[in-house]
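What follows is each chain in one-letter form.
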Amino acid sequence: MTKPLVARTSSWWRLCSVLAVLFSLQGAGAYFAGLPGLVAATMMYFVLKVLLQRRAKSFQKAGLRLMAEERYREAAAMFEAGYQYFSDRRWADRYRAISMLDYSGMDWREIMLANMATNMALAGDRERAIQLYQQCLELYPDSRLAKPALRFLMAGTDG
């Protein structure tokens, strides 16, 4: 079974934003309703987190499932749908610390684009994979997913 590239990152300022949202909800709940309000605000925070991230992760989970089944072109199409979803909703990705309570250091668009490229490479469409990794690097010059993968694919064209 093929494993996807994984680069886990966290952004401290995004983590601080997420914690600020949590503490603000808790503070408001405690101020207006005491301990029950604190508990309700904490539960509301986690409900928001789950609901807001569900759509984002649905593309990723479906694509990874297809990838595990070695259905690479279908997986690439799923990641492309995720990339388009976040391209149409740039605010959700750009402000995901607030919109999705996500403190990852990577944009969902970057992840979707790199996974799309990986699947195109695995499907045998090396040229398309190279184009996608180059596009990823244009948008995210420091991409820890695209840089090594592109180097690997380009090494095969040299000799």
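Above this note sits the structure.
Notes on the structure follow. Quick caveat: nothing in here was measured; it's all calculated off a predicted structure.

## Examining the overall build of the protein
Each helix and strand counted, the protein has seven helices and zero strands in total. Summed over all atoms, the accessible surface of the protein reaches about 9,200 Å², with 61% contributed by carbon and sulfur.

## Focus on helix H6 (residues 126–139)
Its 14 residues give H6 an end-to-end C-alpha distance of 20 Å, which sits within 8% of 20 Å, the value for a rise of 1.5 Å per residue. For H6, the full list of buried residues reads Ala129, Ile130, Leu132, Tyr133, Cys136 and Leu137. Buried residues in H6, looked at end-on, bunch into an arc of 165°, giving them a common side. Exposed positions of H6 whose direction lies more than 90 degrees from the buried face are Glu127 and Glu138.

## Brief notes about the nonpolar core
Note that soluble globular proteins tend to have their nonpolar side chains buried in a common cluster. Residues Met112, Leu113, Met116, Leu132 and Tyr133 are the most contacted members of the largest nonpolar core, which totals 32 residues. Taken together, the elements giving at least two residues each to this core come down to helix H1 (12–68), helix H2 (72–88), helix H5 (108–122), H6 and helix H7 (146–158). With eight residues, the top contributor of residues to this core is H5. When sequence neighbours within four positions are dropped, the list of residues in contact with methionine 116 reads Ala76, Phe79, Glu80, Tyr83 and Leu132.

## As for the environment of glycine 63
Among the secondary structure elements, glycine 63 is positioned in helix H1. Glycine 63 sits in the buried class, given a relative accessible area of 0%. The residues contacting glycine 63, other than those within four sequence positions of it, are Ala75, Met78 and Phe79.

## Observations concerning the pattern of salt bridges
On inspection of all chains with the given rule, the structure shows three salt bridges. The partner of arginine 71 in a salt bridge is glutamate 69, with the nearest N and O atoms 2.6 Å apart. Judged by relative accessible area, which is 35%, arginine 71 ranks as partly exposed. Using a relative accessible area of 40% as the deciding quantity, one classes glutamate 69 as partly exposed. A salt bridge links glutamate 74 to arginine 71; its shortest N-O distance comes to 2.5 Å. Linked by salt bridges that have partners in common, Glu69, Arg71 and Glu74 make up one network.

## Concerning H5
When the terminal C-alpha atoms of H5 are compared, their 21 Å separation across 15 residues agrees well with the 21 Å that a helix rising 1.5 Å per residue should span. Counting buried positions along H5 yields 13 of 15 residues, so the element is predominantly enclosed. One or two steps after H5, the chain reaches glycine 124, where phi turns positive at roughly 95°.

Rules of the game
Residues numbered from 1 in each chain as written. Predicted model: local features only at pLDDT ≥ 70, side-chain atom pairs only at ≥ 80, totals over all residues. Heavy atoms only, no water. Helix = DSSP H or I, 4+ residues; strand = E, 2+ residues; numbered from the N terminus. Areas by Shrake-Rupley, 256 points an atom, 1.4 Å probe, with all protein chains shown as cover. Expected span 1.5 Å × (residues − 1). Buried < 20%, exposed > 50% of the residue type's maximum accessible area, 1.4 Å probe, protein only. Arc of directions from axis to C-beta. Core = buried A, V, L, I, M, F, W, Y, C linked by side-chain atoms within 4.5 Å. Contact = heavy atoms within 4.5 Å. Salt bridge = Lys/Arg side-chain N within 4 Å of Asp/Glu carboxyl O.

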